[in-house]
Amino acid sequence: MFLEPQLNPNRQTGWVEVVCGSMFSGKTEELIRRVNRALIARQKVLIFKPAMDNRYDDIKVVSHNRNEIHSMPVEFSHQILALAHDCEVVAIDEAQFFDENLPKICNLLANKGIRVILSGLDMDFEGKPFGCMPQLLAIAEFVTKVHAICVVCGGVASYSFRLSASKKQVLLGETDVYEPRCRHCFTKGKQIEAGLENEIPFE
Ligand code: ZN
């Protein structure tokens, strides 16, 4: 479990931390846990999410098991920089949906002494790195990868398998659209989809 680092009390030091994983891996849950601990420590926390992610609620970050916390929906990452003055912690949910400037914005915030906590999908439904998540993982001081359970075999899942035939990278939804799968069951599912069930695994 992630514990906040002990810091030099004489210096306000910022950093970037990323919680990543597949759908249903508990990413948002972990983000909310960290935010709550910062609030208990009486730190000023601001929470942002992309304006497009309105599955549950317009102004709250809500995890799949309905934990919730108030957040500000923003359209572009540069708005976070403008809004995040005078705070100690910035939390950003669904980071994979933000524009390519987000890593730069996170560095600017951290360089100002702010703790930046991000949560996001590391891979899309095709198993490809999602948006600016690779860059965020690279610049972060702390990375936590959380895992779901494969609904097919009960193994450890790090992939989000899409049940619908849509090929759009962004298709919001829950258990009706996605299921967590392990590497084996994910690739098997892709092969069946492609009609290549008896071929050797691809990619
Ligand atoms: Zn499996």
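The following refers to the structure shown.

Rules of the game
- Residues numbered from 1 in each chain as written.
- Predicted model: local features only at pLDDT ≥ 70, side-chain atom pairs only at ≥ 80, totals over all residues.
- Heavy atoms only, no water.
- Helix = DSSP H or I, 4+ residues; strand = E, 2+ residues; numbered from the N terminus.
- Buried < 20%, exposed > 50% of the residue type's maximum accessible area, 1.4 Å probe, protein only.
- Contact = heavy atoms within 4.5 Å.
- Areas by Shrake-Rupley, 256 points an atom, 1.4 Å probe, with all protein chains shown as cover.
- Core = buried A, V, L, I, M, F, W, Y, C linked by side-chain atoms within 4.5 Å.
- Salt bridge = Lys/Arg side-chain N within 4 Å of Asp/Glu carboxyl O.
- Pairing = 2+ DSSP bridges.
- Axes fitted to C-alpha atoms, helices over the stretch in contact; angles between N-to-C directions.
- Donors = N, O, S within 2.8 Å, 3.2 Å for Na, K, Ca; no water.
- Tetrahedral: all angles 85-135°; square planar, octahedral: opposite > 155°, others 65-115°.
- Arc of directions from axis to C-beta.

## Quick notes on the overall build of the protein chain
Next, step 1: From N to C terminus, the protein chain includes five helices and twelve strands.
Next, step 2: For the protein chain, the residues scored as buried account for 46% of the 203 residues in total.
Next, step 3: Partitioning the intrachain contacts of the protein chain with sequence separation of at least 6 by distance along the chain shows that 69% fall at a separation of at least 24.
Next, step 4: As displayed, the protein chain offers around 10600 Å² of accessible surface, 53% of which is attributable to carbon and sulfur atoms.

## Overview of the nonpolar core
Nonpolar side chains in soluble globular proteins generally cluster together in the buried interior.
Next, step 1: Counting residues in each nonpolar core, the largest one holds 25 residues, and the members touching the most others are Ile80, Val90, Ile92, Leu102, Leu118 and Leu136.
Next, step 2: Counting residues per element, the ones that place at least two in this core are β1 (15–21), β2 (45–50), β6 (89–92), α3 (102–111), β7 (115–121) and α4 (133–139).
Next, step 3: Ile47, Ile69, Val89 and Ala91 belong to the second-largest nonpolar core, a separate cluster that totals ten residues.

## Some words on the pattern of salt bridges
Next, step 1: Here the structure, examined in full by the defined rule, presents nine salt bridges.
Next, step 2: Two residues, Glu30 and Arg33, come together in a salt bridge whose shortest N-O distance is 2.9 Å. Of this pair, Glu30 and Arg33 both sit in helix α1 (residues 27–40), three residues apart, which is roughly one turn of the helix.
Next, step 3: Assessed through its relative accessible area of 13%, Glu30 is described here as buried.
Next, step 4: With a relative accessible area of 21%, Arg33 lands in the partly exposed category.

## Concerning the sheet that holds β1
Next, step 1: Spatial ordering of the open sheet is given by β5-β2-β6-β7-β1-β8, a layout of six strands whose pairing is parallel. Each of the sheet's edge strands pairs with one partner strand only, and the pair in question is β5 (72–74) and β8 (142–146). Along the sheet, successive strands turn relative to each other by an average axial angle of 20°, direction set aside.
Next, step 2: Bridge analysis of β6 against β7 gives four bridges, and the strand direction is parallel. Residue Val90 lies in a different strand from β7, and its bridge partner there is Val116.

## Structural notes on the coordination of the zinc ion
Next, step 1: Distances from the zinc ion to its protein donors, namely Cys150 (SG), Cys153 (SG), Cys182 (SG) and Cys185 (SG), fall within the range 2.3 to 2.4 Å.
Next, step 2: Around the zinc ion sit four donor atoms, and with donor-metal-donor angles ranging over 101 to 118° the site reads as tetrahedral.

## Some points on the environment of Ile105
Next, step 1: Note that Ile105 resides in helix α3.
Next, step 2: We classify Ile105 as buried; its relative accessible area is 4%.
Next, step 3: Through-space distance from the C-alpha of Ile105 to that of Gln79 is 9.4 Å; in sequence the pair is 26 residues apart.
Next, step 4: Dropping the residues within four chain positions of it, Ile105 is found in contact with Ser77, His78, Ile80 and Leu81.

## A look at unusual backbone geometry
Next, step 1: If you check the backbone angles, Phe24 has positive phi at about 65° while not being a glycine.
Next, step 2: With respect to the helices, strands and loops of the structure, Phe24 is situated in the loop between β1 and α1.
Next, step 3: A relative accessible area of 22% means that Phe24 is categorised as partly exposed.
Next, step 4: The phi angle at Asp86 is positive, at roughly 60°, despite the residue not being glycine.
Next, step 5: Looking at where Asp86 falls in the secondary structure, it is placed in the loop between α2 (77–83) and β6.
Next, step 6: By relative accessible area, which is 64% here, Asp86 ends up exposed.

## Thoughts on α3
An α-helical segment advances 3.6 residues per turn. Residues three or four places apart therefore align on the same side.
Next, step 1: Buried within α3 are the following residues: Leu102, Pro103, Ile105, Cys106, Leu109 and Ala110. Down the axis of α3, the buried set is contained in an arc of 160°. They therefore lie on one face. When the buried face of α3 is taken as reference, the exposed residues oriented beyond 90 degrees from it are Lys104 and Asn111.
Next, step 2: In the stretch just after α3, Gly113 is the one whose phi turns positive, near 100°.

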